Each structure stands twice: as C-alpha cells, then as structure tokens.
Amino acid sequence: MGKIIAIANQKGGVGKTTTSVNLAASLGVLEKKVLLIDADPQANATSGLGIDVESVELGTYQLLEHTKTAKEAIIPTTSPNVDLIPAHIDLVAIEIELVDKDQREYMLKKAILELKDDYDYILIDCAPSLGLLTLNALTASDSVIIPIQCEYFALEGLGKLLNTIKSVQRIHNPQLDIEGMLLTMYDSRLRLSNQVVEEVSKHFGDMVFETIIQRNVRLSEAPSYGESIIKYDASSKGAVNYLNLANEVVKKNKQTV
C-alpha cells in the first residue's frame, strides 16, 4: 500500500515544485516506485520532468472532472521508477467548475484510490494557494511536507496553513499527518538563514526534517533542462540534499509501518 504525500505551502517560491520533482527522482533512485501528481496550474512539475506542457491532453484536470481514470492519465518519465500525472493551464478552471459539485473536496481522493497499491509513494505538488485544489490534495493524502524557505518572511502564513491542515483533519481527513517541515534555500553564510533554522527548530522540534536544502546553482538550472537534479548533476550539493531527504522519508516510514 503506497503512501500519499502532499507538498504544500500557500506561499509561492518556497521550493514546493523543486522538492516534488527532486524527492520523486531521489526516491526513484532508491528503487521506490513513485507517482508524481502535478496539481498546480503553472505545471512546473510537468515541465521540470521534461514533458512539454502544451502537448498534455490528459492530466489532473480530467482526473478531478472524473472524465478519465487515473491510470489513463499516467505518463512515464525519463527518471527511473517515476511516473507522472501532468498538469496543464486548463487546471485553472477546475476550482470554478467544482464549486457546486457534491463532495468536491474528495474528487482527487476518489480518483487516485485505485493507484495506492501500484506505487510506494504518490507525491502531490500543490498550487501556491489554500483553494479547492490544495484542499483536494490534503484530503487525498496520508501526510504533508511543508517546505519553508530560510528567509525573512518564512514563518509568515505558516499559522494559516497549519490551521487549514487542522480543519482538513477535523472535517475531511482525520488520518492526515504532517510528514515534516523542510527548510529550503539555506545559505550558511547568511545570519538570517541560521536564525530561521533556529526559530523553526525551536518551535516545531521533531516535526522538522534533519535534512536542509541548501541554495545551489545547479538546483536552479536543472528545471530549464527538463531534468531533476539527480539526472542533471548527481554530484551537486542539491542532489546530495534531496537523496538525504529521500532516505529520511523512507526511514521514517519504515518506523511508522
């Protein structure tokens, strides 16, 4: 039975898609079977794995509309052991289209139920909002990874996200757990980065991953080549960070099985 993990934070630019793509690729390298679901209309996870967004005909939109099955929407990627359900800009319309549907928060959960036995991990790259798309992802997931950038406004809005998670736990998905908070864009030379690490660790303790994702030029370059950091430069600091994170996720889930 696979584990479904949403990668969510309503703040943009915190490393959600970078984490989704590179954690998926790193778990694949560890010989785990992974499905990445792109639930962001910007479709950056789709292009980040080398898929031409314009050519996408079936994806998350059709899944949420229930016009196609999840298995029909899956496409293989060049990353070993990683499959993708892609997104397209038409996903923007889904929040309006679902608004008057019964059980609209459960559309994704129902659609991917049949896939749980086919994968070790199903990762969902969420949009930078707390709208219906993110709500669907949280309702469908077993846990959530929250990327937090090591910058001045890091903790701003975090309370709002944690309240949303609590409300999803209370109303839609009592099993939803916080997989961990992931510190990203860390620069050891900056006092501010170190202060954020200290602050987050002090407030959230064991909920924070030991692995910290450092600022890395190669990590920023990889998406423009449609590749994960593992494929683009496996010896880079970014690749080592994400492999460490993947090992931490696997180890954590062995302990909780």
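Note: the structure precedes this text.
Predicted model, so just to flag it, every value in this text is computed and none were measured.

Here Ser20 lies in helix H1 (residues 16-29). Here Ser20 is in contact with Ile7, Leu36, Leu123 and Asp125, once residues within four sequence places are set aside.

Our focus in this paragraph is the layout of surface pockets. Roughly 390 Å³ of volume is contained in the largest pocket. Lining the largest pocket we find 23 residues, and of these Thr18, Met185, Leu219, Ser220 and Pro223 sit closest to its centre. Going through the elements one at a time, H1, helix H2 (44-48), strand S7 (177-186), strand S8 (208-214) and helix H10 (217-221) are the ones with two or more residues in the lining of the largest pocket. For the lining of the largest pocket, the leading source of residues is H1, giving 4 residues. The residue inventory of the lining of the largest pocket, partitioned by class, reads 9 nonpolar, 12 polar and 2 charged.

With that out of the way, let us pick up a nonpolar patch on the surface. On the surface, Tyr152, Phe153, Leu190 and Leu192 cluster together into a nonpolar patch covering about 430 Å² of accessible area. Structurally, Leu190 can be placed in the loop between S7 and helix H9 (191-204).

Core analysis: the biggest nonpolar cluster contains 54 residues, and Ile85, Leu115, Ile146 and Ile165 have the highest contact counts within it. Ignoring sequence-local partners within four residues, the contact set of Leu115 consists of Leu35, Ala70, Lys71, Ile74, Ile85 and Ile122. With 32 residues, the next largest nonpolar core counts Ile5, Leu23, Leu182 and Ala239 among its residues.

Considering all chains together, one arrives at 9 salt bridges under this definition. Measuring nitrogen to oxygen at the nearest pair gives 2.7 Å for the salt bridge that ties Lys3 to Glu179. Of the two residues, Lys3 sits in strand S1 (residues 3-7) while Glu179 sits in strand S7, which places them 176 residues apart along the sequence. For the pair shown, Lys3 and Glu179 are each scored as buried.

On to the side chain of Asn173. Looking at the secondary structure, you find Asn173 in the loop between helix H8 (158-171) and S7. A polar atom in the side chain of Asn173 sits 2.7 Å from the backbone oxygen of Ser141. If we ignore the near neighbours within four places in the chain, the residues touching Asn173 are Leu138, Thr139, Ser141 and Val168.

Positive phi, normally seen in glycine, also occurs at Ala43, with a value near 55°. Within the fold, Ala43 resides in the loop between strand S2 (34-39) and H2. Of note, Gln103 is a non-glycine position whose phi angle comes to about 50°, a positive value. Take Gln103: its relative accessible area is 46%, and that puts it in the partly exposed class.

At a closest axis distance of 10 Å, the pairing of helix H7 (residues 132-140) and H8 adopts a crossing angle of 55°. The angle between H7 and H8 places the two elements in the oblique class. Relative to H8, H7 is oriented so that their crossing is right-handed. On the side of H7, the interface is formed by Leu135, Leu138 and Thr139, while H8 contributes Thr164, Ile165 and Val168. Residue composition of the contact of H7 with H8, grouped by class: 4 nonpolar, 2 polar and no charged.

An α-helical turn contains 3.6 residues, so any two residues separated by three or four positions project in the same direction. The buried fraction of H7 is high, at 9 of 9 residues. Taken as a whole, H7 has its buried residues at Leu132, Leu133, Thr134, Leu135, Asn136, Ala137, Leu138, Thr139 and Ala140.

Pairing between sheet strands relies on hydrogen bonds along the backbone, with the strands arranged either parallel or antiparallel. Strand order in this open sheet of 8 strands is S3-S4-S2-S5-S1-S6-S7-S8, and the pairing throughout is mixed. Unpaired on one side and paired on the other, strand S3 (75-76) and S8 mark the two borders of the sheet. Of the strand pairs in this sheet, S3 and strand S4 (residues 82-85) are connected by 2 bridges, and their pairing is antiparallel. Across the sheet, Pro76 pairs through a bridge with Asp83, a residue of S4. In the packing of H9 onto the sheet, contacts are made with strand S6 (143-149), S7 and S8, and the angle to S7 comes to roughly 170°.

Conventions we followed
Residues numbered from 1 in each chain as written. Predicted model: local features only at pLDDT ≥ 70, side-chain atom pairs only at ≥ 80, totals over all residues. Heavy atoms only, no water. Helix = DSSP H or I, 4+ residues; strand = E, 2+ residues; numbered from the N terminus. Contact = heavy atoms within 4.5 Å. 1 Å grid on protein atoms, 1.4 Å probe; cavity = no way out; pocket = protein on both sides within 12 Å on 5 of 7 lines; lining within 4 Å. Points joined across faces, edges and corners; volume = space filled by probe spheres on them. Nonpolar A, V, L, I, M, F, W, Y, C, P; charged D, E, K, R; others polar. Patch = residues over 30% accessible without salt bridge, like charges linked within 9 Å, V, L, I, M, F, W, Y side chains within 5 Å. Areas by Shrake-Rupley, 256 points an atom, 1.4 Å probe, with all protein chains shown as cover. Salt bridge = Lys/Arg side-chain N within 4 Å of Asp/Glu carboxyl O. Core = buried A, V, L, I, M, F, W, Y, C linked by side-chain atoms within 4.5 Å. Buried < 20%, exposed > 50% of the residue type's maximum accessible area, 1.4 Å probe, protein only. Polar contact = N/O pair within 3.5 Å; in protein donor to acceptor, adjacent residues only side chain to side chain. Axes fitted to C-alpha atoms, helices over the stretch in contact; angles between N-to-C directions. Parallel < 35°, antiparallel > 145°, perpendicular 65-115°, else oblique. Left-handed = near helix turned anticlockwise from the far one by under 90°. Pairing = 2+ DSSP bridges.

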